[in-house]
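# Summary of structural features
If you want the building blocks of each chain, they are given just below.
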Amino acid sequence: MAPIDAFAPAKINLTLHVTGRRQDGYHLLDSLVAFADVGDRVRVEPALELSLEVGGPRALGVPTGPDNLVLKAAALFGVDEGARITLEKHLPAAAGIGGGSADAAATLRALSKLWGRTIPSDCARLGADIPVCLPSRTARMQGIGETVTPLPLPPLDAVLVNPGVSVPTGPVFAALEGQFGAPMQGVLPQFDGAGALLDWLGDQRNDLETPARQIAPAIGDTLAALAATRHCALARMSGSGATCFGLFPSPASARAAAQQLSQAHPGWWVQATRIGGD
Ligand SMILES: C[C@@](CO)(OP(=O)(O)O)[C@H](O)COP(=O)(O)OP(=O)(O)OC[C@H]1O[C@@H](n2ccc(N)nc2=O)[C@H](O)[C@@H]1O
Ligand SMILES: Nc1ncnc2c1ncn2[C@@H]1O[C@H](COP(=O)(O)OP(=O)(O)O)[C@@H](O)[C@H]1O
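Taking an unreviewed UniProt entry as the reference, the chain is identified by name as 4-diphosphocytidyl-2-C-methyl-D-erythritol kinase belonging to Poseidonocella pacifica. UniProt annotates the chain under Sequence similarities (unreviewed entry) with the comment "Belongs to the GHMP kinase family. IspE subfamily." What UniProt states about the chain under its Pathway (unreviewed entry) heading is, verbatim, "Isoprenoid biosynthesis; isopentenyl diphosphate biosynthesis via DXP pathway; isopentenyl diphosphate from 1-deoxy-D-xylulose 5-phosphate: step 3/6."

For the rest of this paragraph, the subject is helix α8 (residues 251-264). Spanning 14 residues, α8 covers 20 Å between terminal C-alpha atoms, matching the ideal 20 Å at 1.5 Å per step. For α8, the full list of buried residues reads S253, A254, A257, A258 and L261. Buried positions in α8, seen along its axis, are confined to an arc of 135° and lie on one side of it. Relative to its buried face, α8 has exposed residues pointing more than 90 degrees away, namely R255, Q259 and Q263. As for α8, its buried residues are in contact with β8 (156-162), α7 (218-227), β10 (244-248) and β11 (269-275).

Attention shifts here to the side chain of D129. Here D129 shows up in the loop between α2 (99-115) and α3 (130-133). With relative accessibility at 15%, the residue D129 sits in the buried group. Of the polar contacts made by the side chain of D129, one reaches the side chain of K11; its length is 2.9 Å. Ignoring any residue separated from it by four or fewer positions in sequence, one finds D129 in contact with K11, G98, S101 and M141.

Around ligand 2 sit 18 residues, and of these L69, G96, G98, G100 and D103 come closest. L69 places a main-chain nitrogen or oxygen 2.9 Å from a nitrogen atom of ligand 2. Within the side chain of K89, one N or O atom sits 2.9 Å away from a nitrogen atom of ligand 2. Taking 550 Å² as the accessible area of ligand 2 by itself, protein coverage stands at 77%. No other element matches α2, which puts four residues into the shell around ligand 2. Among the residues forming the shell around ligand 2, the class breakdown is eight nonpolar, seven polar and three charged.

What follows concerns the UniProt feature "domain: GHMP kinase N-terminal" (unreviewed entry) in the chain. Under the UniProt annotation, "domain: GHMP kinase N-terminal" (unreviewed entry) lies at residues 68-130. Along residues 68-130 one finds 41% helix and 10% strand; the C-alpha atoms at either end are 14 Å apart.

What follows deals with the site of ligand 1. Lining the immediate environment of ligand 1, one finds 20 residues, of which K11, H27, A128, D129 and S240 sit closest. H27 is positioned with one of its side-chain polar atoms (N or O) 2.7 Å from an oxygen atom of ligand 1. Between an oxygen atom of ligand 1 and a side-chain N or O atom of S240, the distance comes to 2.6 Å. When ligand 1 sits alone it has 690 Å² of accessible area, and the protein chains cover 82% of it. Counting residues per element, the ones that place at least two in the shell around ligand 1 are β1 (4-13), β3 (27-45) and α4 (169-174). Ranked by residue count, the leading element in the shell around ligand 1 is α4, at three residues. Residue composition of the shell around ligand 1, grouped by class: seven nonpolar, 11 polar and two charged. Looking at the shell around ligand 1, you find at least three residues from each of domain 1 (4-142) and domain 2 (152-275).

Criteria and cut-off values
- Residues numbered from 1 in each chain as written.
- Chains lettered and ligands numbered in written order.
- Predicted model: local features only at pLDDT ≥ 70, side-chain atom pairs only at ≥ 80, totals over all residues.
- Heavy atoms only, no water.
- UniProt positions renumbered as here; feature names shortened; annotations may be inferred.
- Helix = DSSP H or I, 4+ residues; strand = E, 2+ residues; numbered from the N terminus.
- Expected span 1.5 Å × (residues − 1).
- Buried < 20%, exposed > 50% of the residue type's maximum accessible area, 1.4 Å probe, protein only.
- Arc of directions from axis to C-beta.
- Contact = heavy atoms within 4.5 Å.
- Polar contact = N/O pair within 3.5 Å; in protein donor to acceptor, adjacent residues only side chain to side chain.
- Near = heavy atom within 4 Å.
- Areas by Shrake-Rupley, 256 points an atom, 1.4 Å probe, with all protein chains shown as cover.
- Nonpolar A, V, L, I, M, F, W, Y, C, P; charged D, E, K, R; others polar.
- Domains from an automatic or database assignment.

Here's what the structure looks like:
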């Protein structure tokens, strides 16, 4: 059997409203989630033993053993089958763009094909972002992440920026201190183009931005740098940070902003990308 490749795109929370907290400590979310055209790559090939090799430009610091979400995803199938898995990391880790969850979801898709088995129904145990990352299509995400409603959106030209600070998700939620906001409106508007979507996003929130900025003040610098670039229509944080995104009116304006930011901040991870559009 030929190798099976699965793309693990960056997840962007265009909105992230935190509306409450369950008894078990997990938070209730209402989030508009889109996926970028940048991401990690997972390859699975037939083999007698299960193995993982981690490479690529963002491999440093990513666990290579059983703690890697790729191997956790493989273990969830609960079978004694082999596979040679290669993970090529392009996304920064602990960055609010779901890198580990996207890798796990891509592994579930690829191994399901290689082994001819259905994806385990309890895969959300791997993380709250797994259900939305499995299809990796634009969606509204609710509950603690388990309710995923597909919602096609116009494509957006964007720049993703991570200031090189890893931000663990749990402490950001914990720093919310029980202050919850309203969900998005019940039925979202129909957006007839990127402009209408941009206008609407301007009135929405990421409720994790304030606690994340307390933990990682570099997020404030990142948002300010993005907002100051030419043609940036909106700058926001994704997930629990620290990655922020700026939205632009065209691919050329996004590319120009990315170039400017990379030159001014050589230590930052900067990517022009297109998100959504499915
Ligand atoms: C915040 C979000 C938004 O999409 O993204 P990231 O910042 O991680 O990318 C996700 O909800 C993160 O999903 P994921 O990273 O898979 O979370 P998990 O591993 O399940 O949980 C990590 C920790 O975050 C907190 N957590 C997570 C999800 C949720 N709905 N409520 C929570 O309170 C819990 O403290 C949990 O122990
Ligand atoms: N394949 C993986 N890629 C990145 N991080 C991973 C992976 N597997 C396990 N991890 C661990 O998961 C943590 C969260 O990573 P990630 O999913 O990228 O962050 P976030 O939840 O902020 O989007 C990392 O700190 C890392 O230790």
